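For reference, the chains in residue letters:
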Amino acid sequence: MSEWMRKILESKRETRNRLAVLPFSEKVKILEKLRDRSVSIASSPLRKRPVPVSRTGN
Amino acid sequence: MKATLAVINQMQDDGVIGKYAIGGAVGATFYLEPFATLDIDIFVTFQKDAGNLLLTLSPIYEYLTARGCKTENEYVIIEDWPVQFLPTGNPLEEEALERAIETQLDGVRTRVMTAEHLVAIALKLGRPKDYSRILQFIDGGILDSNKLNEILARHQLLEKWEAFGDRFLKKL
């Protein structure tokens, strides 16, 4: 593993640990924001792009 | 979510459900970083009715729909949150519910399963997302290994735990 990648993973771990020790109520607020974003993404028209129909014979 | 839990507490006070505990991703969020999840898993026991041995979720749905909540497949939408009520179905879940931790969310009382019980249930379920969550618990240094081993032994999960370790932990 490169030093650069090691630093990225370490940074991610530190962020997770920092979030994990927050009070439950703070974490639930973040969780609610994450949920709202997931719902927005799920309902985005960009996710419902029709599958291109293969055009054979052209 | 605070309002959702307040409604569930009221259900308990009104005798519709017995004890309850939060499990799943919201339960895990009590110990780990927050997860994106769309629903709340509520494990419940029912008040025993001697005349009716058939376990049914109907009283929960009737109670909530009478108060304006809508249902969506297996969920009841309570104060904007889809809630799935899961009757405890085996001794592990019963124990997890019994030993859940009392806590509060902005002044609203609630109960969350212990980290070790969440891990044991995830191990028993064995889906990829469950294994991923177990790894997060291990990585976070949250677990009491003695307590976890006791739970795994009591519920015949030690072999599965060993297989999990062989598969996922040897390279860590």
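Because the structure is a prediction, the values reported are computed rather than measured.

> Which residues make up the nonpolar core, and what values go with them?
All names here are of chain B. Membership of the largest hydrophobic core comes to 47 residues, with the highest contact counts inside it found for Ala-21, Ile-42, Ala-96, Val-119 and Ala-120. Per-element tally for this core: the top contributor is helix 5 (residues 115-125), with seven residues. The contact partners of Ala-21, leaving out residues within four places of it in the chain, are Phe-43, Ala-96, Leu-97, Ala-100, Arg-111, Val-112 and Met-113.

> Could you give an account of the interface of chain A and chain B, with specific residues and numbers?
In this complex, chain A contributes 13 residues to the contact, which on the side of chain B involves 16 residues. Counting residues per element, the ones that place at least two in the side of chain A that touches chain B are helix 1 (3-20) and helix 2 (24-42) of chain A. Considering every element that reaches the side of chain A that touches chain B, the biggest residue donor is helix 2 of chain A, with 10 residues. Split by residue class, the side of chain A that touches chain B holds seven nonpolar, two polar and four charged.

> Describe in detail the packing of helix 5 of chain B against helix 6 (residues 128-139) of chain B, supporting the description with residues and values.
Residue and element names in this part refer to chain B. Contact geometry for helix 5 and helix 6: axes closest at 8 Å, N-to-C directions at 150°. Classified by the angle their axes make, helix 5 and helix 6 are roughly antiparallel. Where helix 5 crosses over helix 6, the handedness of that crossing is left-handed. For the pair helix 5 and helix 6, contact is made by Ala-115, Val-119, Ala-122, Leu-123 and Leu-125 and by Asp-130, Arg-133, Ile-134 and Phe-137, respectively. Here the contact of helix 5 with helix 6 is built from residues that sort into seven nonpolar, no polar and two charged.

> Quick one: what's the story with the confidence of the model for chain B, residue by residue and with numbers?
Confidence in the prediction of chain B, expressed as mean pLDDT, is 92, and 94% of residues score 70 or more. This complex was scored by the predictor with a pTM of 0.88 and an ipTM of 0.84.

> Tell me about the pairing of strand 4 (residues 75-78) of chain B, and name the residues and values.
Residue and element names in this part refer to chain B. Side-chain alternation along strand 4 places Val-76 and Ile-78 on a buried face and Tyr-75 and Ile-77 on a face that remains uncovered. In this sheet, strand 4 lies alongside strand 3 (residues 70-72) in antiparallel orientation, the contact comprising three bridges. The residue bridging Glu-72 from the neighbouring strand is Tyr-75, located in strand 4. Hairpin remark: strand 3 followed by strand 4, antiparallel, with two residues in the connecting loop; positive phi at Asn-73, about 55°. For strand 4 and strand 5 (residues 81-87), the ladder comprises three bridges, and the chain directions are antiparallel. Its bridge partner being in strand 5, Ile-77 is matched across the sheet by Pro-82. Connecting strand 4 to the next strand, strand 5, in antiparallel fashion are two residues, including Glu-79 with a positive phi near 50°.

> Go over the environment of B:Val44, please, and point to the residues and values.
All names here are of chain B. Relative to the assigned elements, Val-44 resides in strand 2 (residues 40-44). Overall, the presence of 20 C-beta atoms within 10 Å leaves Val-44 in the buried class. Separated by 32 residues in the primary sequence, Val-44 and Gln-12 place their C-alpha atoms 9.8 Å from one another. Residues contacting Val-44, with those up to four places away along its chain left out, are Ile-17, Gly-18, Tyr-20, Phe-85, Leu-86 and Pro-87.

> Explain the pairing of strand 5 of chain B to me, and be specific about the residues and the numbers.
In this sheet, strand 5 of chain B lies alongside strand 2 of chain B in parallel orientation, the contact comprising five bridges. Paired with B:Val44 across the bridge in strand 5 of chain B is B:Pro87.

Conventions used here
- Residues numbered from 1 in each chain as written.
- Chains lettered and ligands numbered in written order.
- Predicted model: local features only at pLDDT ≥ 70, side-chain atom pairs only at ≥ 80, totals over all residues.
- Core = buried A, V, L, I, M, F, W, Y, C linked by C-beta atoms within 7 Å.
- Buried ≥ 20, exposed ≤ 12 C-beta atoms within 10 Å, placed from the backbone.
- Helix = DSSP H or I, 4+ residues; strand = E, 2+ residues; numbered from the N terminus.
- Contact = placed C-beta atoms within 7 Å.
- Nonpolar A, V, L, I, M, F, W, Y, C, P; charged D, E, K, R; others polar.
- Axes fitted to C-alpha atoms, helices over the stretch in contact; angles between N-to-C directions.
- Parallel < 35°, antiparallel > 145°, perpendicular 65-115°, else oblique.
- Left-handed = near helix turned anticlockwise from the far one by under 90°.
- pLDDT = per-residue confidence, 0-100.
- Pairing = 2+ DSSP bridges.

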